[in-house]
Amino acid sequence: MNILIFGPNGSGKGTQGAIVQKKYGSAHVESGAIFRKNISGGTELGKKAKAYIDRGDLVPDDITIPMILDRLKEDDCKNGWLLDGFPRNLVQAETLHKALTDAGIKIDFVVEISLDRKTAADRIMGRRLCVNDNNHPNHIYIEAIKPVEKDGKMVCRVCGGELKFRADDQDAAAINKRHDIYYDTVSGTMAAVNYFKNVKGPKVITVDGSPAINKVSETLMSQLD
Ligand code: AMP
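The sections below set out a description of the structure shown in this document. (Residues numbered from 1 in each chain as written. Predicted model: local features only at pLDDT ≥ 70, side-chain atom pairs only at ≥ 80, totals over all residues. Heavy atoms only, no water.)

Description of the sheet that holds strand β1 (residues 2–6)
Reasoning step 1: In spatial order, the strands read β2-β3-β1-β4-β10; together these 5 strands make up an open sheet with parallel pairing. With partners counted over all chains shown, the strands left at the sheet margins are β2 (27–30) and β10 (203–208), one partner each. The average undirected angle you get between the axes of adjacent strands in this sheet is 20°.
Reasoning step 2: Where β2 and strand β3 (residues 81–84) come together, 4 bridges link them in parallel fashion. (Pairing = 2+ DSSP bridges. Helix = DSSP H or I, 4+ residues; strand = E, 2+ residues; numbered from the N terminus. Axes fitted to C-alpha atoms, helices over the stretch in contact; angles between N-to-C directions.)

Some details on the packing of aromatic side chains
Reasoning step 1: Applying the stated criterion across every chain, the model contains 2 aromatic pairs.
Reasoning step 2: A centroid spacing of 5.2 Å and a plane angle of 80° characterise the contact between Y195 and F196, whose relative ring orientation is edge-to-face.
Reasoning step 3: Owing to a relative accessible area of 23%, Y195 belongs among the partly exposed residues under this scheme.
Reasoning step 4: Using a relative accessible area of 0% as the deciding quantity, one classes F196 as buried. (Phe/Tyr/Trp six-rings, centres within 6.5 Å; stacked < 30°, edge-to-face > 60°. Buried < 20%, exposed > 50% of the residue type's maximum accessible area, 1.4 Å probe, protein only.)

Let's talk about the site of the ligand
Reasoning step 1: The local shell around the ligand holds 16 residues, among which N9, S31, R36, D57 and G85 are the closest.
Reasoning step 2: The side chain of R36 places a nitrogen or oxygen atom 2.9 Å from an oxygen atom of the ligand.
Reasoning step 3: Here an oxygen atom of the ligand and a side-chain polar atom of R88 are 3.0 Å apart.
Reasoning step 4: Taken by itself the ligand offers 480 Å² of open surface, and the protein chains cover 98% of this.
Reasoning step 5: Element by element, the count of residues in the shell around the ligand is highest for helix α2 (residues 31–40), at 4 residues.
Reasoning step 6: Its residues placed into classes, the shell around the ligand shows 5 nonpolar, 6 polar and 5 charged. (Near = heavy atom within 4 Å. Polar contact = N/O pair within 3.5 Å; in protein donor to acceptor, adjacent residues only side chain to side chain. Areas by Shrake-Rupley, 256 points an atom, 1.4 Å probe, with all protein chains shown as cover. Nonpolar A, V, L, I, M, F, W, Y, C, P; charged D, E, K, R; others polar.)

Quick word on the sheet that holds strand β9 (residues 163–164)
Reasoning step 1: In space, the 3 strands of this open sheet follow the order β6-β5-β9, with antiparallel pairing throughout. Here the strands that pair on one side only, and so sit at the sheet edges, are β6 (138–139) and β9.

Points about the pattern of salt bridges
Reasoning step 1: Summed over the entire model, instances satisfying the criterion amount to 21 salt bridges.
Reasoning step 2: In this structure, the salt-bridge partner of E44 is K47, at a minimum N-O distance of 3.6 Å. Of this pair, E44 and K47 both sit in helix α3 (residues 44–55), separated by 3 residues, roughly a single helical turn.
Reasoning step 3: Exposure remark for E44: the relative accessible area of 54% places this residue in the exposed category.
Reasoning step 4: By relative accessible area, which is 57% here, K47 ends up exposed. (Salt bridge = Lys/Arg side-chain N within 4 Å of Asp/Glu carboxyl O.)

Here's the deal with the side chain of S31
Reasoning step 1: You can see S31 is positioned in helix α2.
Reasoning step 2: By relative accessible area, which is 4% here, S31 ends up buried.
Reasoning step 3: The residues contacting S31, other than those within four sequence positions of it, are M67, I68, D84, G85, F86 and R88. (Contact = heavy atoms within 4.5 Å.)

Describing the pairing of β3
Reasoning step 1: Residue alternation in β3 divides its side chains into two sets, W81 and L83 and L82 and D84, and both sets are buried.
Reasoning step 2: The pairing of β1 with β3 spans 4 bridges and is classified as parallel. Counterpart to I5 in the pairing with β3 is D84.

Comments concerning the environment of H136
Reasoning step 1: Along the polypeptide, H136 turns up in the loop between β5 (127–130) and β6.
Reasoning step 2: For H136, a relative accessible area of 15% corresponds to the buried category.
Reasoning step 3: Along the primary structure H136 and A18 are separated by 118 residues, whereas in three dimensions their C-alpha atoms are 8.5 Å apart.
Reasoning step 4: Those residues in contact with H136 that lie beyond four places of it in its chain are C130, C156, V158 and C159.

Some thoughts on the packing of helix α4 (residues 61–71) against helix α5 (residues 90–102)
Reasoning step 1: Between α4 and α5, the shortest axis-to-axis distance is 11 Å and the interhelical angle comes to 30°. One way to sum up the angle between α4 and α5 is to call them roughly parallel. Here α4 and α5 pass one another in a crossing that is right-handed. In contact with D61, T64, I65 and L69 of α4, α5 contributes V91, Q92, T95, L96 and A99. (Parallel < 35°, antiparallel > 145°, perpendicular 65-115°, else oblique. Left-handed = near helix turned anticlockwise from the far one by under 90°.)

These figures capture arrangement, not role.
Structure (structure tokens):
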């Protein structure tokens, strides 16, 4: 099962992606997480990407596109993948579509989690990242996934691990820029969403991202069959 998942930052895309990935056992290929891993590992790629990410800009296509296309060729992607955070603009969408078509790989589903910009922005600042597992959702303002307290400190509600937050999640200008890119229907991420809504083949599922996490995932799962 090959799935593209779209949604603005703050829409719960990563959380829903992790639930879908668990159900189908497909590889979860998350562009932002690959960048963050490279930054914390001090790699050349991480050094090149960091300034763009801190500002909320896209990392240039000549770095991002080969990184993702190479990742999709790895062994764990042979039995399906869930691509999250890529494509982020029209050029990435067209390049991905061509590369997959040339390789004879089809996309089964295009999932779009829709959420208005104001709600998405409000949600971003409260999310926290578990240092042990990127797929452990924690959010200080959402009751269902609120971190737990241990020894006077908030820790991951799933594994008790330490929590961090992303610098670009606490910076209003960076959040704004990420949303400008997402909601841009001319050449940004919405242009990529619309591109994949119009190609032949994948089933398109649009889910309202505003209800609680379990409601969104119920709606999504009922259509992913
Ligand atoms: P995310 O975790 O999806 O919010 O991504 C964090 C940051 O990584 C973004 O704000 C971009 O700077 C960078 N990034 C992630 N995916 C892409 C992409 N497909 N193209 C360019 N930059 C990206």
